[in-house]
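# Architecture at a glance
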Amino acid sequence: RKFLKEETIITFSDLVMDKNIPKKIIKSKKNFTLAIDTSKILNGTMKIKVKNKELLAIGKSVKNNADGNFIGAAKIKKSKIKQFRTYLSKIVLSKKKDYYTEVFNYLIAKKNTINFIDVKNSFWAEVDDHHDLKKLNKKMQSANIYKSIT
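Residues numbered from 1 in each chain as written. Predicted model: local features only at pLDDT ≥ 70, side-chain atom pairs only at ≥ 80, totals over all residues. Heavy atoms only, no water.

### Here's the deal with helix 2 (residues 78-94)
The following threshold applies: Here a strand is any run of E in DSSP of at least two residues, a helix any run of H or I of at least four, and the numbering for each starts at the N terminus. Here the expected length of a helix is defined as 1.5 Å per residue gap, with one fewer gap than residues. A simple rule labels every residue: compare its accessible area, found with a 1.4 Å probe on the protein chains alone, to the largest value its type can have, and call it buried under 20%, exposed over 50%, or partly exposed in between. Two residues form a contact once any of their heavy atoms are found within 4.5 Å.
With 17 residues, helix 2 ought to run about 24 Å at 1.5 Å a step, and its terminal C-alpha atoms sit 25 Å apart, in line with that. All of the buried residues in helix 2 are I81, F84, Y87, L88 and I91. Taken together, the buried residues of helix 2 touch strand 1 (8-11), strand 3 (32-37), strand 6 (68-76) and helix 3 (102-109).

So, in structure tokens, the structure goes:
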């Protein structure tokens, strides 16, 4: 939390993504911008609920009627860092097992608009285990995938 002082991009450490996804996130002028994928709903990932270009909910608890997945990359503008840190501190003190993404649910409850970019046409993958790594290595044999992430 102490490092969150300037405009910040947070990514899951197991995320491999098309190099254009961070560029799109950086270009966003919105206070909060998350990268989502509405083309699929994967098991074991952060699901999202959206409406009218706004995030309504995020997390593993969004099971029924999910609209897609949070891929694991988000940007917080400098003007909202203090507010983000405040809610992050509350989560850490009360529910140490929650992901930082739970902050976005708090922000939504407080009437903040959480925006997103839909990356449904871009490559991204989580590498949680050896099986995922094998799948990624196989996909990277495609010249298009390899070029998109390097």
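Still to come is the rest of the account.
### Structural notes on helix 3
For helix 3, every residue scored as buried is listed here: V103, F104, N105, L107 and I108. Positioned one or two residues after helix 3, K111 has a phi angle of 70°, which is positive.

### A word on the side chain of N112
Mapped onto the fold, N112 is located in the loop between helix 3 and strand 7 (115-118). Judged by its relative accessible area of 15%, N112 falls in the buried class.

### With respect to the packing of helix 2 against helix 3
Our working definition: Every angle, taken between N-to-C directions, lies between 0 and 180 degrees, and every axis is a line fitted to C-alpha atoms, over only the stretch in contact when it is a helix. Handedness of a crossing follows from how the near helix is turned relative to the far one, being left-handed for an anticlockwise turn of less than a right angle and right-handed for a clockwise one. Note on residue classes: Ala, Val, Leu, Ile, Met, Phe, Trp, Tyr, Cys and Pro are nonpolar, Asp, Glu, Lys and Arg are charged, and everything else, Gly too, is polar.
Taken N-terminus to C-terminus, the directions of helix 2 and helix 3 make an angle of 115°; their axes are 9 Å apart at the nearest point. Viewed along their axes, helix 2 and helix 3 form a crossing whose handedness is right-handed. Of the residues in helix 3, those touching helix 2 at Q83, F84, Y87, L88 and I91 are E102, V103, F104, Y106 and L107. Taken together, the residues that form the contact of helix 2 with helix 3 break down as 8 nonpolar, 1 polar and 1 charged.

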